[in-house]
Amino acid sequence: DTEVTQTPKHLVMGMTNKKSLKCEQHMGHRAMYWYKQKAKKPPELMFVYSYEKLSINESVPSRFSPECPNSSLLNLHLHALQPEDSALYLCASSQEGRGDYEQYFGPGTRLTVT
Amino acid sequence: GENVEQHPSTLSVQEGDSAVIKCTYSDSASNYFPWYKQELGKGPQLIIDIRSNVGEKKDQRIAVTLNKTAKHFSLHITETQPEDSAVYFCAASPMDSSYKLIFGSGTRLLVRP
């Protein structure tokens, strides 16, 4: 089973709201990723967690706050977002936190900031 | 750092024809090259990958070739079907501490019935 699940599927939030995106995998992978994808563009890496520790933060604004409660779960807390943050947010996982391990993506959360 | 270029940006083929998408990379130390298929409204799906110690890999109608000398790799889809219509992304993994996949810009494939 190579399934990564994400909730919610769609999210509309105002610029003053606080919301969270959730991601789960049960493949025993030790690395989990958040990507942002704008229309007609490739995924853009935001964060990498390896063995539940943040290993990469691609200079993402602090209004995005990741959390890894355990090796199967990954959250992305959102606060005071801007309209330009509207995008598809993808979660992925891999056996280890290295680019040469297969990464499996979830279906994404379509976020709209109004 | 690594840079991946992907061509063409759009590709339209008749059902049953073959489709070829090409990518070039800049870092000769890159050692892993996956291909992802992304259908409308879905996340990218890993469809095939190849490592630098292999020149070609095939899985049913899909094949990937790697030319390390020229630093390019290609995705070949034979006997295309309408359900092959999607955006395809190539990627490369450089051998550095960034742990990142570097993606190409994507190819929108349309298979005409």
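Structure first, text after, so check above.
A few points on the structure.

**Things to note about the sheet that holds strand E8 (residues 73-79) of chain A**
Residue and element names in this part refer to chain A.
Here is step 1 of the chain: On the basis of which strands lie adjacent, the open sheet formed by 4 strands has the order E1-E3-E8-E7 and antiparallel pairing. The strands lining the two open edges of the sheet, one partner per strand, are strand E1 (4-7) and strand E7 (64-70). Strand-to-strand twist across the sheet, computed as the mean angle between neighbouring axes with direction ignored, equals 20 degrees.
Here is step 2 of the chain: Both strand E3 (residues 18-25) and E8 contribute to a ladder of 7 bridges, which runs antiparallel. The residue bridging serine 20 from the neighbouring strand is histidine 77, located in E8.

**Digging into the state of the cysteines**
Each disulfide consists of a covalent bond between the sulfur atoms of two cysteine residues.
Here is step 1 of the chain: Following the criterion strictly, the structure yields 2 disulfides over all chains and no others.
Here is step 2 of the chain: Across the disulfide, B:Cys23 is cross-linked to B:Cys90 (sulfur-sulfur distance 1.9 Å). On the sign convention where negative means left-handed, the S-S torsion of about -100 degrees between B:Cys23 and B:Cys90 marks this disulfide as left-handed. In this pair, B:Cys23 sits in strand E3 (residues 19-25) while B:Cys90 sits in strand E9 (residues 86-92), placing the two residues 67 residues apart along the sequence. Here B:Cys23 matches B:Cys90 in class, with each residue buried.
Here is step 3 of the chain: The structure places no disulfide on A:Cys68, whose sulfur is separated from the nearest cysteine sulfur, that of A:Cys91, by 9.3 Å.
Here is step 4 of the chain: Looking at A:Cys68, the relative accessible area reads 14%, which means it is buried.

**Topic: the side chain of B:Asp84**
Residue and element names in this part refer to chain B.
Here is step 1 of the chain: If you trace the backbone, aspartate 84 turns up in the loop between strand E8 (72-77) and E9.
Here is step 2 of the chain: Assessed through its relative accessible area of 7%, aspartate 84 is described here as buried.
Here is step 3 of the chain: There is a polar contact of 2.9 Å between the side chain of aspartate 84 and the side chain of arginine 61.
Here is step 4 of the chain: Residue contacts for aspartate 84: discarding those within four places in its chain leaves Lys37, Arg61, Ile77, Glu79, Leu109 and Val111.

**Quick word on the pairing of strand E4 (residues 32-38) of chain B**
Residue and element names in this part refer to chain B.
Here is step 1 of the chain: For E4, the buried fraction is high: 7 of the 7 residues fall into the buried class.
Here is step 2 of the chain: Alternating positions in E4 separate into two faces, Tyr32, Pro34, Tyr36 and Gln38 on one and Phe33, Trp35 and Lys37 on the other, with burial throughout.
Here is step 3 of the chain: Looking at chain direction, E4 and strand E5 (residues 45-51) are connected through 6 bridges and run antiparallel. Bridge pairing links tryptophan 35 to isoleucine 48 in E5.
Here is step 4 of the chain: With antiparallel pairing between neighbouring strands as the criterion, E4 and E5 make up a hairpin whose turn holds 6 residues, including glycine 41 at a positive phi of roughly 80 degrees.
Here is step 5 of the chain: Across 4 bridges, E4 lies against E9 in antiparallel orientation.

**Describing the packing of aromatic side chains**
Here is step 1 of the chain: If you walk through the whole model with that rule in mind, you get 12 aromatic pairs over all chains.
Here is step 2 of the chain: Both rings, one in B:Tyr36 and one in B:Phe103, keep their centres 6.0 Å apart while their planes meet at 50 degrees; by these two values the pair is tilted. With a gap of 67 residues between them, B:Tyr36 in strand E4 and B:Phe103 in strand E10 (residues 102-103) connect regions that are remote in the sequence. Summarising the burial analysis for this pair, B:Tyr36 and B:Phe103 share the class buried.
Here is step 3 of the chain: A network of ring pairs unites the aromatic residues A:Tyr33, A:Tyr35, A:Phe105, B:Tyr36, B:Phe89 and B:Phe103 as a single cluster.

Reading the values: the criteria
- Along every chain, residues carry numbers that run from 1 in the direction the sequence is written.
- Here chains are named by letter from A upward and ligands by number from 1 upward, in the order in which they appear as written.
- Local features in a predicted model are, by the rule used here, given only for residues with pLDDT of at least 70; side-chain atom pairs are given and counted only at 80 or more, and totals for whole chains, interfaces and linings are based on all residues.
- Based on all heavy atoms of the structure, the side-chain values leave hydrogens and waters out of the count.
- Two strands are said to pair when DSSP picks up at least two bridges between them.
- The way it works is that DSSP assigns letters per residue, a run of H or I at least four long becomes a helix, a run of E at least two long becomes a strand, and they are numbered from the N terminus.
- The angle between two axes is taken between their N-to-C directions and runs from 0 to 180 degrees, where each axis is a line fitted to C-alpha atoms and a helix contributes only its stretch in contact.
- In plain terms, two cysteine sulfur atoms within 2.5 Å form what is called a disulfide here.
- The classification of residues rests on relative accessible area computed with a 1.4 Å probe and restricted to protein chains. Under 20% of the type maximum is buried, over 50% is exposed, and intermediate values are partly exposed.
- Contacts described as polar in this section are N or O atom pairs within 3.5 Å, which, within protein, must combine one atom able to donate a hydrogen with one able to accept it, while residues neighboring in sequence count only if both atoms come from side chains.
- Two residues qualify as a contact provided that any one of their heavy atoms is within 4.5 Å of a heavy atom in the partner residue.
- Two aromatic rings from Phe, Tyr or Trp, using only the six-membered ring of Trp, form a pair when their centres are within 6.5 Å; if the ring planes differ by under 30 degrees the pair is stacked, by over 60 it is edge-to-face, and anything between is tilted.

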